[in-house]
Amino acid sequence: AMTAVQQLFGQGKAALLANVGTLVAPTTRAQYQAGNVPLPVNLFSHSDQQSQWQSSLSDGSGRTGWAGRMGDLLAASNGNGGATCISLAGNNLWENGQVQVSYKVSPSGNFGFDFYRAGATSDPLSRGITDLLATRRTSLFQQGWNDVITRAIDNQRVLSDALSSAAFSDAFPGTGLGGQLRMAARLIAARGALGMRRQTFFCALGGFDTHGDDQLARQQQLLGELSDAIGAFVAATAQLGVADKVTLFTASDFNRTFASNGQGSDHAWGSH
């Protein structure tokens, strides 16, 4: 199912890190079975293992992610520091730093207020929104809402203008992950207009929790979606001339057991 990744691997452009897992201390199988070594918190819990991968902390709950901590250090090199960490898949711990939080962008490019035209006087809706946002509020909560919406509209306008000039040959699959990586490529193409030099992008693909599923068929579909999207993204970075400046990696919360629990398989420690 992973023809595109297989080709990248054969070209020396992809690598597999085998038997990788979260650890608190070096652990042997015997120590794990005897229970005499500290283990990651809530081992085999999806949310906890994702948090540990994204925070790099296995012995507690991290409040920042390692991409966010990198973003704190890199933001000053960007023209728009607020766009250092961009998520195409909603909230995530990985891109949260002490200062940085992920800027959420829709893979479709629809940023919510597309109907609004700042300064338009002939459009009653746009005029009404402009008047609403321009009115100063005595309530801190109401004024805070006004400020957040105003900032979001301003950011949307800058981003939309930059994306409209970012063109490349589009050969991405019409899948969820394909759309996310397509938008990441568009944002990379717009880096000059946005004044960006160092960024992180977060995408996500779910559905691997194969309890009771037809695991072979499910993995065939999911791994194919992953492979096709990665292949298209790598091709886009080559076309944009940044293939040697972009690193794409995958991380899974944990592996699956070899033994079946019916049609699917259960949670296992370590992954690739």
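Scroll up to find the structure this text is about.
A brief report on the enclosed structure follows.

### Quick notes on the overall build of the chain
Per the secondary structure count, the chain includes nine helices and five strands. Listing each helix as α and each strand as β along the chain from the N terminus yields α-α-α-α-β-β-α-α-α-α-β-α-β-β. For the chain, the spread of C-alpha atoms along the three principal axes comes to 70 × 45 × 40 Å. Counting the 272 residues in the chain, one finds 34% classified as buried. A separation of at least 24 residues holds for 58% of the contacts in the chain among residues at least 6 apart in sequence. Here the chain has roughly 15600 Å² of accessible surface; of this, 55% comes from carbon and sulfur atoms. Taken as two groups, the 19 positive and 19 negative side-chain charges of the chain have centres that lie 8 Å from each other.

### Here's the deal with empty space enclosed by the protein
Where empty space is left can be seen by rolling a probe of water-molecule size over the atoms. Per the stated rule, a full pass over the model turns up one cavity of 30 Å³ or more. Computed from the structure, the largest cavity encloses a volume of approximately 30 Å³. If you go around the largest cavity, the residues you meet are Val20, Gly21, Thr22, Gln49, Trp53, Ser252, Asp253, Phe254, Trp269, Gly270 and Ser271. Classifying every residue of the lining of the largest cavity by side-chain character gives four nonpolar, six polar and one charged.

### So, the side chain of Ser58
With respect to the secondary-structure elements, Ser58 resides in the loop between helix 3 (46-55) and helix 4 (66-74). Ignoring anything within four residues of it in the chain, the contact list for Ser58 reads Thr22, Leu23, Val24, Leu39, Pro40, Val41 and Gln52.

### So, the packing of aromatic side chains
Considering all chains together, one arrives at five aromatic pairs under this definition. For the pair Trp94 and Phe202, a centre-to-centre distance of 6.3 Å together with 40 degrees between the ring planes defines the contact as tilted. Taken as a pair, Trp94 in the loop between strand 1 (85-87) and strand 2 (103-104) and Phe202 in strand 3 (residues 200-202) lie far apart in primary sequence, 108 residues in all. Residue Trp94 is classed as buried on the basis of its relative accessible area, which comes to 8%.

### Comments concerning unusual backbone geometry
Even without being a glycine, Asn42 presents a positive backbone phi close to 50 degrees. Within the secondary structure layout, Asn42 lies in the loop between helix 2 (29-34) and helix 3. Backbone geometry at Phe44 places phi at a positive 80 degrees, although glycine is not the residue there. By the secondary structure assignment, Phe44 is in the loop between helix 2 and helix 3.

### Quick notes on the state of the cysteines
A complete count under the given rule lists zero disulfides for this structure. Between Cys85, a cysteine without a disulfide, and Cys203, which holds the nearest cysteine sulfur, the sulfur-to-sulfur distance is 13 Å.

### Examining the environment of Asn78
Mapped onto the elements of the fold, Asn78 is located in the loop between helix 4 and strand 1. Asn78 sits 32 residues away from His46 along the chain, and the two C-alpha atoms are 34 Å apart. In this view, Asn78 contacts Thr84, Gly195, Met196, Arg197 and Arg198; residues no more than four positions away in its chain are not counted. A distance of 2.7 Å separates the side chain of Asn78 from the backbone nitrogen of Arg197, its partner in a polar contact.

### A look at helix 3
Within helix 3 the residues assigned to the buried category are Gln49, Ser51, Gln52, Gln54 and Ser55. In this structure, the buried residues of helix 3 make contact with helix 4 and strand 3. Immediately beyond the C-terminal end of helix 3, within one or two residues, lies Ser56, with a positive phi of roughly 70 degrees.

### Comments concerning the layout of surface pockets
Here the second largest pocket defines a volume of roughly 380 Å³. In this structure, the second largest pocket is lined by 13 residues; those nearest its centre are Asn19, Thr27, Tyr32, Trp269 and Gly270. Looking at the lining of the second largest pocket residue by residue, the classes come out as five nonpolar, seven polar and one charged.

### Some details on the nonpolar core
The biggest cluster of nonpolar side chains holds 31 residues, and the ones touching the most others in it are Ile86, Leu88, Phe172, Leu187, Phe201 and Phe233. Secondary structure elements with two or more residues in this core: helix 1 (3-10), helix 6 (140-164), helix 7 (176-189) and helix 9 (215-239). Ranked by the residues each element gives to this core, the list is headed by helix 7, at seven residues. Look past the residues within four positions of Ile86 in its chain and what remains in contact with it is Glu95, Tyr103, Val105, Leu187, Gln199, Thr200, Phe201 and Phe202. Within the second largest apolar cluster, five residues are counted, among which are Tyr116, Ile129, Leu133 and Ile153.

What counts and how
Residues numbered from 1 in each chain as written. Predicted model: local features only at pLDDT ≥ 70, side-chain atom pairs only at ≥ 80, totals over all residues. Heavy atoms only, no water. Helix = DSSP H or I, 4+ residues; strand = E, 2+ residues; numbered from the N terminus. Buried < 20%, exposed > 50% of the residue type's maximum accessible area, 1.4 Å probe, protein only. Contact = heavy atoms within 4.5 Å. Areas by Shrake-Rupley, 256 points an atom, 1.4 Å probe, with all protein chains shown as cover. Lys, Arg positive; Asp, Glu negative; His and termini not counted. Charge placed at Lys NZ, Arg CZ, Asp CG, Glu CD. 1 Å grid on protein atoms, 1.4 Å probe; cavity = no way out; pocket = protein on both sides within 12 Å on 5 of 7 lines; lining within 4 Å. Points joined across faces, edges and corners; volume = space filled by probe spheres on them. Nonpolar A, V, L, I, M, F, W, Y, C, P; charged D, E, K, R; others polar. Phe/Tyr/Trp six-rings, centres within 6.5 Å; stacked < 30°, edge-to-face > 60°. Disulfide = S-S within 2.5 Å. Polar contact = N/O pair within 3.5 Å; in protein donor to acceptor, adjacent residues only side chain to side chain. Core = buried A, V, L, I, M, F, W, Y, C linked by side-chain atoms within 4.5 Å.

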